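Chains, contacts and geometry: an overview
Chain by chain, the residues run as shown.
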2 protein chains.
Amino acid sequence: MSAATTPAPCSPEDVRRVACIGAGVIGGGWVAHFLARGYDVTAWDPAPDAEDKLRRLVAAAWPALEQIGLADGASQDRLTVTATLAEAVADAQFIQESAPEKLELKRSLLAELDAAAPAGVVIASSTSGYPMTDMQTEAADPARLVVGHPFNPPYLIPLVEVVGGERTDAAAVEWSARFYDVAGKSVITMDRELPGFIANRLQEALWREALHMVANGEASVEDIDASITEGPGLRWAFMGPCLTFALAGGEGGMAHMLDHFGPSLKSPWTRLEAPELDRTLRDAMVDGCEEAAKGRDYAQLVAERDQGVIDVLRATGRLGGAR
Amino acid sequence: MSAATTPAPCSPEDVRRVACIGAGVIGGGWVAHFLARGYDVTAWDPAPDAEDKLRRLVAAAWPALEQIGLADGASQDRLTVTATLAEAVADAQFIQESAPEKLELKRSLLAELDAAAPAGVVIASSTSGYPMTDMQTEAADPARLVVGHPFNPPYLIPLVEVVGGERTDAAAVEWSARFYDVAGKSVITMDRELPGFIANRLQEALWREALHMVANGEASVEDIDASITEGPGLRWAFMGPCLTFALAGGEGGMAHMLDHFGPSLKSPWTRLEAPELDRTLRDAMVDGCEEAAKGRDYAQLVAERDQGVIDVLRATGRLGGAR
């Protein structure tokens, strides 16, 4: 971490003006989110038709955002699309960068943003996987650069993964985690850089296995999608893979599950080799699930999972109900 | 496939009596499912306390099943726990085996079931990943042995993956796919044996990446779970990973997505190496997503996804609504 601290110009709670740089699917999704939360948003994107596309995206998202509930004063009119990057960030109190996923581009863009933005304002990158350490190399004040990695669409999926680079100030990481929280996101703050962060590593492993299966004619795209939406995807909407697997162990929980299915880790069920299931890993999983259970016993967790699956099935129109 | 055909003793629509062999978490879950669908169920499990445990599991599941809606005449009283395997299958019209995941055990148990069951009755194994070819080696009539792989809990998660072994009769595969469909499950019939089938390969890849991360101190169990439930898990409850990723490509769909994020397949975002993204794979993904879209355009798919996420968030109590 850098020694030079970068005090933010205002507290996370007091932010009113957000700049979004890059207005594609992700950048535009951020714009929609911040507008819905009542912020003034400035946006800039070098594409000639960017403003039209962006306003279309926001308009398309708005009915969904109205359903969720807009913040007081939230309005699509609070969006200003600027002709230059400098105008977009001139008065910003927080900056979200969502440029295409090219390292050189990110490097120079972040340096440019750093040069143009008011001192101390935190600049977050939506990068899907570059470590900030690799992206902050050209900026004069790398201390205020963080990763704030969203999921598509950012105006509906709560998750943001926050992590700094080697030269990021810990205060900037903390400030942005708090800001995202205030702005209605669900934040995971990481204490180290990990290519792909957490969620993308998990979904990328699944995705690569899917690509292998299609490449080898082992499964169709449609079967792959159905195998998730009719299967584990129903549980993952509200209970993560670890706690879900703990319930597969019955009353014996994760410990029994690892004893029972542990040998399957040697099976060729995926092209990804599993780690050695030694005592340390086993205990880490068992303890982690116990913490995650937060005192709920097996019967309670099963009841919650069952109710969750039923609610999700009903909500997505698969019990012949609503929708 | 075997030349000896094994005509089922009744049509899938006419089945009234189902035997469940093995009454742990999965076998017991099957019992609950079949009871809720109005079948008479016989169950056998060698564990001394099996009946108590099974009846507890079914009783715990029943309120959930009542919510979903029981079939006419469905009752927990239709469960008979037998003292022997032979009694359990004597009058069965379909048999579901859910013994522990040990190959030798599965082999001899399936042979024993085959010897005891009425001729022609289909016997399905809940195995999480053994190919039927490896399990049917000791049975006198291997033609009627199929895999019918459920997800936990089988009484709520619709997916069943159906596949035969080398010596399975194609008619038995077809019969069981139809039977599961009639019995309220969502069936994927596979035309080849694949270790882990489809859904387990996908979730196993994700799971192994998670275990690696915990083993290396890269992420906590709690963060892993939250990264899914607050992120991609919300979409996967109703839209699979392929179609979801197609939307990440914006109006350009899967083609644009692969152009944009394709290079990331070379990134160390997971420990699983990706396949070469050649023209054939690219086209297979693009065509597959187009088929899966079934004529819905980008705007429609985005609207569906957004509504789906909102419904799931609301159903799982994350919009301050219900629950």
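Residues numbered from 1 in each chain as written. Chains lettered and ligands numbered in written order. Predicted model: local features only at pLDDT ≥ 70, side-chain atom pairs only at ≥ 80, totals over all residues. Heavy atoms only, no water.

- An unreviewed UniProt entry annotates chain A as L-carnitine dehydrogenase originating from Streptomyces celluloflavus.
- UniProt, in the comment section headed Sequence similarities (unreviewed entry), describes chain A in these words: "Belongs to the 3-hydroxyacyl-CoA dehydrogenase family. L-carnitine dehydrogenase subfamily." (UniProt positions renumbered as here; feature names shortened; annotations may be inferred.)

**Observations regarding the packing of aromatic side chains**
All names here are of chain A.
- Applying the stated rule across the entire model yields 25 aromatic pairs over all chains.
- Centroid distance F34 to Y39: 5.8 Å. Interplanar angle 85°. Geometry classified as edge-to-face.
- Counting every residue linked through ring pairs, the aromatic cluster contains W30, F34, Y39, F94, W175, F179 and Y180. (Phe/Tyr/Trp six-rings, centres within 6.5 Å; stacked < 30°, edge-to-face > 60°.)

**Focus on the domain arrangement of chain A**
- Under the domain assignment, chain A is made up of domain 1 (12-189) and domain 2 (231-308).
- Put simply, the middle of domain 1 of chain A and the middle of domain 2 of chain A, counted by C-alpha atoms, are 35 Å apart. (Domains from an automatic or database assignment.)

**Describing the sheet that holds strand 7 (residues 159-164) of chain A**
Residues and elements named next belong to chain A.
- Here eight strands make up an open sheet; going across it, the order is 3-2-1-4-5-6-7-8 and the pairing mixed. The strands lining the two open edges of the sheet, one partner per strand, are strand 3 (79-81) and strand 8 (186-189). Between one strand axis and the next, the sheet turns through 25° on average, direction left out of account.
- Of the strand pairs in this sheet, strand 1 (residues 17-21) and strand 4 (residues 94-97) are connected by four bridges, and their pairing is parallel. Note that in strand 4 the partner of V18 across the bridge is F94.
- Packed onto the sheet, helix 4 (residues 103-116) meets strand 1, strand 2 (40-44), strand 4, strand 5 (123-125) and strand 6 (145-150) and runs at close to 165° relative to strand 4.
- Most of the contacts of helix 6 (residues 170-182) go to strand 7, to which it runs at about 170°, and overall it touches strand 1, strand 4, strand 5, strand 6, strand 7 and strand 8. (Pairing = 2+ DSSP bridges. Helix = DSSP H or I, 4+ residues; strand = E, 2+ residues; numbered from the N terminus. Axes fitted to C-alpha atoms, helices over the stretch in contact; angles between N-to-C directions. Contact = heavy atoms within 4.5 Å.)

**A closer look at the UniProt feature "domain: 3-hydroxyacyl-CoA dehydrogenase C-terminal" (unreviewed entry) in chain A**
- On the UniProt side, "domain: 3-hydroxyacyl-CoA dehydrogenase C-terminal" (unreviewed entry) is annotated at positions that read residues 196-265 of chain A here.
- As annotated, residues 196-265 of chain A comprises 69% helix and 0% strand, and the C-alpha atoms at either end are separated by 23 Å.

**Let's talk about the interface of chain B and chain A**
- Across the contact, 117 residues belong to chain B and 117 residues belong to chain A.
- A combined buried area of about 10,500 Å² lies between chain B and chain A, and 66% of that area is made up of carbon and sulfur atoms.
- Of all residues in chain B, W207(B), R208(B) and W269(B) give up the largest surface area on contact with chain A, accounting jointly for 8% of the area buried on that side.
- At the surface where chain B touches chain A, the tally comes to six salt bridges.
- Across the pair R56(A) and E251(B) runs a salt bridge, and its minimum N-O distance is 3.6 Å.
- One can count 36 residue pairs in polar contact (both at pLDDT 80 or more) joining chain B with chain A.
- Per-element accounting of the side of chain B that touches chain A gives the leading share, 17 residues, to helix 7 (residues 199-215) of chain B.
- The residue inventory of the side of chain B that touches chain A, partitioned by class, reads 65 nonpolar, 25 polar and 27 charged. (Buried area = accessible area lost by both parts, 1.4 Å probe. Salt bridge = Lys/Arg side-chain N within 4 Å of Asp/Glu carboxyl O. Polar contact = N/O pair within 3.5 Å; in protein donor to acceptor, adjacent residues only side chain to side chain. Nonpolar A, V, L, I, M, F, W, Y, C, P; charged D, E, K, R; others polar.)

**A word on the sheet that holds strand 1 (residues 17-21) of chain B**
Residue and element names in this part refer to chain B.
- Ordered in space as 3-2-1-4-5-6-7-8, the eight strands form an open sheet in which the pairing is mixed. The strands lining the two open edges of the sheet, one partner per strand, are strand 3 (79-81) and strand 8 (186-189). Across the sheet, the axes of successive neighbouring strands diverge by a mean angle of 25°, strand direction being ignored.
- Pairing of strand 2 (residues 40-44) with strand 3, which is carried by three bridges, proceeds in the parallel orientation. Bridge pairing in strand 3 links A43 to V81.

**Things to note about the pairing of strand 1 of chain A**
- Taken across its five residues, strand 1 of chain A has four buried, putting it largely inside the fold.
- Running through helix 1 (residues 25-36) of chain A, the crossover from strand 1 of chain A to the neighbouring parallel element strand 2 of chain A is right-handed. (Buried < 20%, exposed > 50% of the residue type's maximum accessible area, 1.4 Å probe, protein only. Right-handed = clockwise from strand over helix to strand, strands pointing away.)

**Quick word on the relation of the copies chain B and chain A**
- Screw-axis analysis of chain B against chain A gives a translation of 0.0 Å along the axis, an RMSD of 0.0 Å, and a rotation angle of 180°. When the rotation and shift are considered jointly, the pair of chain copies conforms to a two-fold rotation axis.
- An overlap of 100% is found between the interface residues of chain B and their copies at the interface of chain A, pointing to a shared contact surface. (Least-squares fit on C-alpha atoms with pLDDT ≥ 70 in both.)

**Examining unusual backbone geometry**
Residue and element names in this part refer to chain A.
- Cis geometry marks the peptide bond from N152 to P153, where omega comes out at -5°.
- Its place among the elements puts P153 in the loop between strand 6 and strand 7.
- The backbone of F197 sits at a positive phi, close to 55°, despite the residue not being glycine.
- As for its position among the elements, F197 is in the loop between strand 8 and helix 7 (199-215).
- A positive phi angle is found at K294, which is not glycine, with a value near 45°.
- You can call K294 exposed: its relative accessible area is 58%.

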